[in-house]
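Residue strings, one per chain:
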Amino acid sequence: LEAELAWRAREGVDQLVQAPPVGRDEFEWLMPAGCVGHDREGRPVILERPGRDRQAVLAALAAMSAEEFVRQQVCSKECIRHFLG
């Protein structure tokens, strides 16, 4: 838990909802995600739909560093977590 909290602080995860990474709108268009309901135990079910335009997704991912991709994915999860409260 301490390592997770340290990582969140170091990476500025708690600020991602208010200050999304550069290129966020394009990433959301290419890799839409959201909560589509809950399972039998009440846990949220998150659906990610990558590949609206397969060639555009592949080109965007090729131009993005691994760190940028992870930051965008973390932002997606944090926005969903924030929405679910």
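Right, let's walk through the structure included here. In this convention, every chain numbers its residues from 1, walking through the sequence in written order. Per-residue local features are limited, in this predicted model, to residues with pLDDT of at least 70; the limit for side-chain atom pairs, both in listing and counting, is 80 or more; totals at the level of whole chains, interfaces and linings are taken over all residues. Note that the side-chain values use all heavy atoms of the structure and ignore hydrogens as well as water.

1. Topic: the packing of aromatic side chains
The geometry of an aromatic ring pair is captured by the separation of the ring centres together with the interplanar angle, meaning the angle of the planes. Centres within 6.5 Å are what make two rings of Phe, Tyr or Trp a pair, Trp counting through its six-membered ring; a difference in plane orientation under 30 degrees is then read as stacked, over 60 as edge-to-face, and the rest as tilted. Tallied over the full model, the rule gives 1 aromatic pair. For the ring pair Phe27 and Phe69, a centre distance of 6.0 Å and an interplane angle of 65 degrees mean the geometry is edge-to-face. On the criterion of sequence distance, the pair formed by Phe27 in helix H2 (residues 24–30) and Phe69 in helix H4 (residues 66–84) is long-range, its members being 42 residues apart. Taking the relative accessible area as the measure of exposure, Phe27 reaches 3% and is therefore buried. Note on classification: 1.4 Å probe, protein chains only; a residue is buried when its accessible area is under 20% of the maximum for its type, exposed when over 50%, partly exposed between these limits. Among the residues examined, Phe69 registers a relative accessible area of 27% and is labelled partly exposed. Elements are defined by DSSP. Helices are runs of H or I of four residues or more, strands are runs of E of two residues or more, and each kind is numbered from the N terminus.

2. Concerning the layout of surface pockets
Computed over the protein atoms alone on a 1 Å grid, cavities are sets of points where a 1.4 Å probe fits but cannot get out and pockets are open sets with protein on both sides within 12 Å along at least five of seven lines; a residue lines them when it has an atom within 4 Å of a point. Grid points are joined across faces, edges and corners, and a volume is the space filled by probe spheres set on the points. Taken as a whole, the largest pocket encloses approximately 200 Å³ of empty space. Along the walls of the largest pocket sit Pro21, Val22, Gly23, Glu26, Phe27, Leu30, Ala60, Ala63, Met64, Glu68, Arg71 and Gln72, which together make up its complete lining. For the lining of the largest pocket, the secondary structure elements donating two or more residues are H2, helix H3 (54–63) and H4. Amino acids are sorted into nonpolar (Ala, Val, Leu, Ile, Met, Phe, Trp, Tyr, Cys and Pro), charged (Asp, Glu, Lys and Arg) and polar (every other residue, Gly among them). When the residues that make up the lining of the largest pocket are grouped by side-chain class, the tally is 7 nonpolar, 2 polar and 3 charged.

3. Structural notes on the pairing of strand S2 (residues 44–48)
A strand pair is defined by DSSP finding two or more bridges across the two strands. Bridge analysis of strand S1 (residues 33–38) against S2 gives 5 bridges, and the strand direction is antiparallel. The residue of S2 that forms the bridge with Gly34 is Leu47. Joining the antiparallel neighbours S1 and S2 is a turn of 5 residues, in which Gly42 adopts a positive phi near 90 degrees.

4. Focus: the pattern of salt bridges
Between Lys or Arg on one side and Asp or Glu on the other, a salt bridge is scored when a side-chain nitrogen of the former is within 4 Å of a carboxyl oxygen of the latter. Per the counting criterion, the structure on display carries 8 salt bridges. The shortest N-O distance in the salt bridge between Arg10 and Glu11 comes to 3.9 Å. Judged by its relative accessible area of 58%, Arg10 falls in the exposed class. For the salt bridge of Glu28 with Arg24, the shortest nitrogen-to-oxygen distance reads 3.1 Å. Here Glu28 and its partner Arg24 are both found in helix H2, 4 residues apart, which amounts to about one turn of the helix. Here Glu28 falls in the partly exposed class, since its relative accessible area comes to 39%.

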